[in-house]
Number of protein chains: 2
Amino acid sequence: MSIKIGIMGYGNLGRGVEVAMKTAPDMELVAVFTRRDPATVTPMTAGVPVVSVNDVKDWTDKIDVMILCGGSATDLPVMTPEYAKLFNVVDSFDTHARIPEHFANVDAAAKAAGKVGVISCGWDPGMFSLMRVYANAILPDGKDYTFWGKGVSQGHSDAIRRIEGVKNAKQYTVPVEASLNAVRKGENPELTTRQMHTRECFVVLEEGADAAKVEKEIKEMPNYFADYDTTVNFISEEEFAANHGGMAHGGYVFRSGKTGANGENNHIIEYSLKLDSNPEFTTSVLICIARAAYRMKNEGQTGCKTILDIPPAYFSAQSGEDLRAHLL
Amino acid sequence: MSIKIGIMGYGNLGRGVEVAMKTAPDMELVAVFTRRDPATVTPMTAGVPVVSVNDVKDWTDKIDVMILCGGSATDLPVMTPEYAKLFNVVDSFDTHARIPEHFANVDAAAKAAGKVGVISCGWDPGMFSLMRVYANAILPDGKDYTFWGKGVSQGHSDAIRRIEGVKNAKQYTVPVEASLNAVRKGENPELTTRQMHTRECFVVLEEGADAAKVEKEIKEMPNYFADYDTTVNFISEEEFAANHGGMAHGGYVFRSGKTGANGENNHIIEYSLKLDSNPEFTTSVLICIARAAYRMKNEGQTGCKTILDIPPAYFSAQSGEDLRAHLL
């Protein structure tokens, strides 16, 4: 019997979940839910009904796990606790500082309803969090390093676009190669913000805008750019459209730690991701988490969970026996 | 209240567990068990009793988790099911092909006794297994690559030492850099055994031995060397003692997989370990698994488990709240 999945919200993330489900033999997409007029939404999967969020209560018996495909800023803080009253839910809430508060809200709702709600799943928070927890536990005497990129930072791109005279902009976060290598060699460097990442900006100006003024404004912007080595490239709208539409991203998590009676042995754990599509990798993780949520619910668990609470075998469609025989 | 740990077997691995426990604030070493005369064994930790294995039954109420520090070839297949009748146990059984059989034996014993037995914990099997399972689940359409080294292979070193005329030998398994880089670039190469690893041998000859004959015998040895590019270095006993006593090891696990409606996006997940001390890293993992075994037992779980069944948060001495606030 397959796991019945609902997708709540049919934007980039929702469509990504639908695509990722193609490779999940144990799952079935039951319905897509939207705040828009359902008649205006056409899923890729033939025959899947599109349902207004207003009718979501009619589906509580038909869906095992609802995957919530909303944004972290305003959607998920409201959606996840709300839908955890009706469904087992999974989200990709990624505002690190607000996770404890979000956890508490989802936990209360899910426990009261006897549901499981798994929050903050993706790659950071998500797989990177897992790697930090494993590595910190194994090497308690050590240092953590997380580098991101090369990839687009939506927040920094938005910040540039708000500057007068800027028509369009993309900002790439790039890890500093020399620092990566120093960490990899076990040098345990103390790295400043500037030594960890550089910021590369590609900017299309409005006609008649003052390039020098825009560049200065970017480079001196507090929090976003002032603490970094920033390069600003002015390009045409054509070049922007041709070369800066990609959604590649990635990053590195390191733990450099010591063991031994006198701390004489050093160990480096490195985990890295090189992703052609940031949203498609995120949704591929969400699918695994939905499978795990279903299993945890069937075990009798309720309340809010994170990726840190999930037995790794629950990610996989394979049986424990198969995993032990082939992947252990 | 701290977790009461027993160490069964006081060789390299047992001593490693004792050292690693120094960084575990939530654990207490209660006793060391040995097959030798207890009077001949002196633990590093002051005041820890050394007990004969013959008296182990007197300790069932005093120990929460027994860490079994025996070898995989002959010790653990017998020890783990036997002690799982008396204690919650953890082992580092690493004969991949025999894991299903070992699992079944430990499962039967532990279930009958209401205990938890966690087998095959270390880095491979262990952390590398975890990485394979996570990455296969997230990217079902893809390829796995596991490389080991640079590090000593005990089995290959032993095989060389059995050759007539060889006084001592160390064999290093070395991953082929060009193949690592091809995988890292997403080229998804089909790699032969020869293309994945080379074998570097350092050999001390008996007086009067025929170097050319020994070299030929090594390079043509089936299974061990014939399928590899092997280099043989003859060195003096002094050089051997000075330069080849290290226990460094490491390796790489890759998953290269595709997503997208037409498989148009590629993703690379890479996990690597660079370890100054192979046994100390292994025992650092064992300590985390002992903590997890204790928690699973307290939850009411019984039977045989592997690292694939353990919620990651159970590795850590920190609370779920702390992990969510600082590492998620």
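Above this text is the structure in question.
Because the structure is a prediction, the values reported are computed rather than measured.

Procedures and definitions
Residues numbered from 1 in each chain as written. Chains lettered and ligands numbered in written order. Predicted model: local features only at pLDDT ≥ 70, side-chain atom pairs only at ≥ 80, totals over all residues. Heavy atoms only, no water. Contact = heavy atoms within 4.5 Å. Buried area = accessible area lost by both parts, 1.4 Å probe. Salt bridge = Lys/Arg side-chain N within 4 Å of Asp/Glu carboxyl O. Polar contact = N/O pair within 3.5 Å; in protein donor to acceptor, adjacent residues only side chain to side chain. Pairing = 2+ DSSP bridges. Helix = DSSP H or I, 4+ residues; strand = E, 2+ residues; numbered from the N terminus. Axes fitted to C-alpha atoms, helices over the stretch in contact; angles between N-to-C directions. Least-squares fit on C-alpha atoms with pLDDT ≥ 70 in both. 1 Å grid on protein atoms, 1.4 Å probe; cavity = no way out; pocket = protein on both sides within 12 Å on 5 of 7 lines; lining within 4 Å. Points joined across faces, edges and corners; volume = space filled by probe spheres on them. Nonpolar A, V, L, I, M, F, W, Y, C, P; charged D, E, K, R; others polar. Buried < 20%, exposed > 50% of the residue type's maximum accessible area, 1.4 Å probe, protein only. Right-handed = clockwise from strand over helix to strand, strands pointing away.

Undergrad: Describe the interface of chain A and chain B, naming the residues involved and giving the relevant values.
TA: On the side of chain B, 62 residues touch chain A, which itself brings 62 residues to the contact. Taken over both partners, the interface formed by chain A and chain B buries close to 5400 Å², and the fraction arising from carbon and sulfur atoms is 66%. Counting across the chain A and chain B interface gives zero salt bridges. The interface formed by chain A and chain B includes 23 residue pairs in polar contact (both at pLDDT 80 or more).

Undergrad: Got a sec to walk through the sheet that holds strand β4 (residues 65-68) of chain B? Specific residues and values, please.
TA: All names here are of chain B. Strand order in the open sheet made by the seven strands is β3-β2-β1-β4-β5-β6-β14, with parallel pairing throughout. If you trace the sheet from one side to the other, it starts and ends with β3 (50-52) and β14 (303-305), each paired once. Taking the axes of each pair of neighbouring strands and ignoring which way they run, one obtains an average angle of 25 degrees across the sheet.

Undergrad: Let's hear about the relation of the copies chain A and chain B: which residues, and what values?
TA: Superposing chain A onto chain B takes a rotation of 180 degrees plus a shift of 0.0 Å along the axis, which leaves an RMSD of 0.1 Å. The transformation just described matches what one would write down for a two-fold rotation axis. Here 100% of the contact residues of chain A are again contact residues in chain B; the copies associate through an equivalent surface.

Undergrad: Can you lay out the environment of Asp309(B) for me, pointing to particular residues and giving the numbers?
TA: Residues and elements named next belong to chain B. Mapped onto the elements, Asp-309 comes out in the loop between β14 and α11 (320-326). Along the chain, Asp-309 and Met-296 lie 13 residues apart, while their C-alpha atoms are 9.8 Å from each other. A polar contact of 2.8 Å, which involves the side chain of Asp-309, links it to the backbone nitrogen of Thr-306.

Undergrad: Kindly report on the sheet that holds strand β12 (residues 249-259) of chain A, identifying the contributing residues and their values.
TA: Judged by pairing direction, the sheet is antiparallel, and its six strands sit side by side in the order β7(A)-β12(A)-β13(A)-β13(B)-β12(B)-β7(B) without closing on themselves. Edge strands, defined here as strands with exactly one partner in the open sheet, are β7 (142-148) of chain A together with β7 (142-148) of chain B. Looking at each pair of strands side by side, their axes are set apart by 5 degrees on average, direction ignored. Across 11 bridges, the pairing between strand β12 (residues 249-259) of chain B and strand β13 (residues 265-275) of chain B is antiparallel. Along β13(B), the bridge assignment pairs Thr259(B) with Asn265(B). Against the sheet, helix α6 (residues 177-184) of chain A touches β7, β12 and β13 (265-275) of chain A together with β13 of chain B, its axis set at about 30 degrees to β12(A).

Undergrad: Explain empty space enclosed by the protein to me, and be specific about the residues and the numbers.
TA: This structure, assessed with the given rule, holds three cavities of 30 Å³ or more. Volume-wise, the largest cavity comes out at about 70 Å³. Taken together, Met127(A), Tyr271(A), Met131(B), Tyr134(B), Ala135(B), Ile138(B), Val253(B), Phe254(B), Arg255(B), Ile269(B), Glu270(B) and Tyr271(B) make up the full set of residues lining the largest cavity. When residues of the lining of the largest cavity are traced back to their parent elements, those giving at least two are α4 (127-138), β12 and β13 of chain B. For the lining of the largest cavity, the leading source of residues is α4(B), giving four residues. When the residues that make up the lining of the largest cavity are grouped by side-chain class, the tally is 10 nonpolar, no polar and two charged. Of the voids in this model, the second largest cavity is the one considered here, and its volume is about 40 Å³.

Undergrad: Tell me about the pairing of β4(B), residues and numbers included.
TA: All names here are of chain B. Burial of the side chains of β4 extends over both faces: Val-65 and Ile-67 are buried on one face and Met-66 and Leu-68 on the other. Bridge count for β4 against strand β5 (residues 88-90) is three bridges, and the pairing is parallel. What sits directly across from Met-66, in β5, is Val-89. In the classification by handedness, the crossover that spans β4, the intervening helix α2 (residues 75-83) and the parallel β5 is right-handed.

Undergrad: So what's going on with the side chain of Thr306(A)? Which residues, and what values?
TA: The residue Thr306(A) is located in the loop between β14 (303-305) and α11 (320-326) in this model. Those residues in contact with Thr306(A), other than ones at most four positions away along the chain, are Phe103(A), Val118(A), Ile119(A), Arg324(B) and Leu328(B).

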